[in-house]
Amino acid sequence: MTWQADILTLFPEIFPGPLGCSLAGRALERNLWACRTHDLRPFGRGVHKALDDAPFGGGAGMVMRPDVLDDALTSVRQADDGRPVIYPTPRGHRLEQKDIARYVQGEGVVILCGRFEGVDERVLEKHAIEQVCMGDFVLSGGEIPALALLDGCVRLLPGVMGSALSGEEESFSAGLLEYPQYTRPATWEGRDVPPVLLSGNHGEIARWRDEKSIAVTRTRRPDLWAVYEQQQQS
């Protein structure tokens, strides 16, 4: 079954964008996944197809209307559609590799790309929409986070990456950041590749990689390191 991504957006021309290239693009051509965009504008209200309105209680900006988004979502999802509906927003939980892995196990995703000041809370509640955040920063809309999320998912689909180990040995897969990588030449501008990587001793190489993963995680991501330590103690 083809993994299906449906994207609701004001800017359907953004997709597939970079996802039409490299691994994701080749997977798209091979029908390992499908990317369908849905323009929100036709669902707007009135002569001008308005999608938003002023927020109750006052404040800056405009809010996307629940009736408009409800119609759009209903047109995309059937009653038995088990795919999660995802809304990228700074108010969401931080998107993590375990979330990506969870999405890949299903039939696909539906992504609602917001604009303006956000989305009326009631439509998020009605459709049990999962709100995810890419980090502690704000973007103009949900399209760029949607591209990032989809790229993370597609590369884990069966048959997309050349080696299944590629997805198992990278950052976050074991709760740690990935170890440093080296390739030819063995000496470059006076900098040598660590001798252990040239030794052919796979046990020592694995041990070195584990040590480096631990060291870089502890230094650069103390939050991840704290979680990892707790998991090791439990």
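For the structure, check the block above.
Just so we're clear, the structure is a prediction, and the values are computed from it rather than from any experiment.

Undergrad: Would you take a moment to explain the overall build of the chain for this structure?
TA: When you go through the chain residue by residue, the secondary structure sums to 8 helices and 9 strands. Each principal axis of the C-alpha atoms in the chain carries an extent, and together these give about 70 × 40 × 40 Å. Here the contacts in the chain between residues at least 6 apart in sequence split such that 72% fall between residues at least 24 apart. Within the structure as shown, the chain displays about 13,800 Å² of accessible surface, and the carbon and sulfur contribution to it stands at 52%.

Undergrad: What's the story with the packing of helix α7 (residues 202-220) against helix α8 (residues 222-233) in this structure? I'm lost.
TA: Between two packed helices, both the angle of their axes relative to each other and the distance between the axes serve to describe the pair. With their axes 5 Å apart at the nearest point, α7 and α8 run at an angle of 125 degrees to one another. By the angle between their directions, the pair α7 and α8 is classed as oblique. Residues I214, T217, R218, T219 and R220 of α7 pack against P222, L224 and W225 of α8. Per-class residue counts for the contact of α7 with α8 are 4 nonpolar, 2 polar and 2 charged.

Undergrad: Is there a simple way to think about the sheet that holds strand β6 (residues 108-112) in this case?
TA: Two pairing modes exist for strands in a sheet, parallel and antiparallel, and in both the strands are linked by backbone hydrogen bonds. The 5 strands lie next to each other as β2-β1-β6-β5-β7, forming an open sheet whose pairing is parallel. Across the chains shown, the open sheet's two edge strands, defined by having one partner strand only, are β2 (33-39) and β7 (130-133). Ignoring strand direction, the axes of neighbouring strands in this sheet form an average angle of 35 degrees. Here 5 bridges tie strand β5 (residues 85-94) to β7, and the two strands are oriented parallel to one another. Bridge pairing in β7 links I86 to E130. Against the sheet, helix α3 (residues 97-105) makes contact with β1 (3-9), β5, β6 and β7, and its axis sits at roughly 140 degrees relative to β7, the strand it touches most.

Undergrad: Can you help me understand α8 in this one?
TA: Residues that lie three or four places apart on an α-helix share one face, since the helix turns once every 3.6 residues. Compared with the 16 Å implied by 1.5 Å per residue over 12 residues, the 16 Å span of α8 between its first and last C-alpha is a close match. What α8 keeps buried is the set L224, W225 and Y228. Down the axis, α8 shows its buried residues gathered within 100 degrees of arc, on one side only. Among the exposed residues of α8, those pointing more than 90 degrees away from its buried face are P222, Q230 and Q233. For α8, the elements touching its buried residues are α7.

Undergrad: Would you mind going over a nonpolar patch on the surface with me for this structure?
TA: A surface patch of nonpolar side chains, about 370 Å² in accessible area, is lined by M134, F137, L139 and I144. Relative to the helices and strands, I144 is located in helix α5 (residues 143-154). On the basis of relative accessibility, which here comes to 57%, the residue I144 falls in the exposed class.

Undergrad: Sorry, what's going on with the packing of aromatic side chains here?
TA: How two aromatic rings sit relative to each other is given by the distance of their centres and the angle of their planes. Throughout the structure, instances matching the rule amount to 2 aromatic pairs. Centre to centre, the rings of Y182 and W208 are 6.4 Å apart; their planes meet at 55 degrees, and the pair counts as tilted. Pair noted here: Y182 is in the loop between α6 (165-168) and β8 (187-188) and W208 is in helix α7, with a separation of 26 residues, a long-range link. For W208, a relative accessible area of 12% puts it in the buried group.

Undergrad: Just to check I follow, could you spell out helix α1 (residues 22-29) for this structure?
TA: Along α1, the positions that sit buried rather than exposed are A24, G25 and A27. Buried residues of α1 fall within an arc of 160 degrees about the axis and therefore sit on the same side. Exposed and facing more than 90 degrees away from the buried side of α1 are S22 and E29. N31 sits one or two residues past α1 and shows a positive phi near 60 degrees.

Undergrad: Would you mind going over the state of the cysteines with me for this structure?
TA: Formally, a disulfide is one covalent bond, and it connects the sulfur atom of one cysteine to the sulfur atom of another. Counting across every chain of the model gives 0 disulfides. C35 provides the cysteine sulfur closest to C113, a residue in no disulfide bond, and the two sulfurs are 10 Å apart. Residue classification places C113 among the buried residues on the basis of a relative accessible area of 1%.

Calculation notes
- Residues numbered from 1 in each chain as written.
- Predicted model: local features only at pLDDT ≥ 70, side-chain atom pairs only at ≥ 80, totals over all residues.
- Heavy atoms only, no water.
- Helix = DSSP H or I, 4+ residues; strand = E, 2+ residues; numbered from the N terminus.
- Contact = heavy atoms within 4.5 Å.
- Areas by Shrake-Rupley, 256 points an atom, 1.4 Å probe, with all protein chains shown as cover.
- Axes fitted to C-alpha atoms, helices over the stretch in contact; angles between N-to-C directions.
- Parallel < 35°, antiparallel > 145°, perpendicular 65-115°, else oblique.
- Nonpolar A, V, L, I, M, F, W, Y, C, P; charged D, E, K, R; others polar.
- Pairing = 2+ DSSP bridges.
- Expected span 1.5 Å × (residues − 1).
- Buried < 20%, exposed > 50% of the residue type's maximum accessible area, 1.4 Å probe, protein only.
- Arc of directions from axis to C-beta.
- Patch = residues over 30% accessible without salt bridge, like charges linked within 9 Å, V, L, I, M, F, W, Y side chains within 5 Å.
- Salt bridge = Lys/Arg side-chain N within 4 Å of Asp/Glu carboxyl O.
- Phe/Tyr/Trp six-rings, centres within 6.5 Å; stacked < 30°, edge-to-face > 60°.
- Disulfide = S-S within 2.5 Å.

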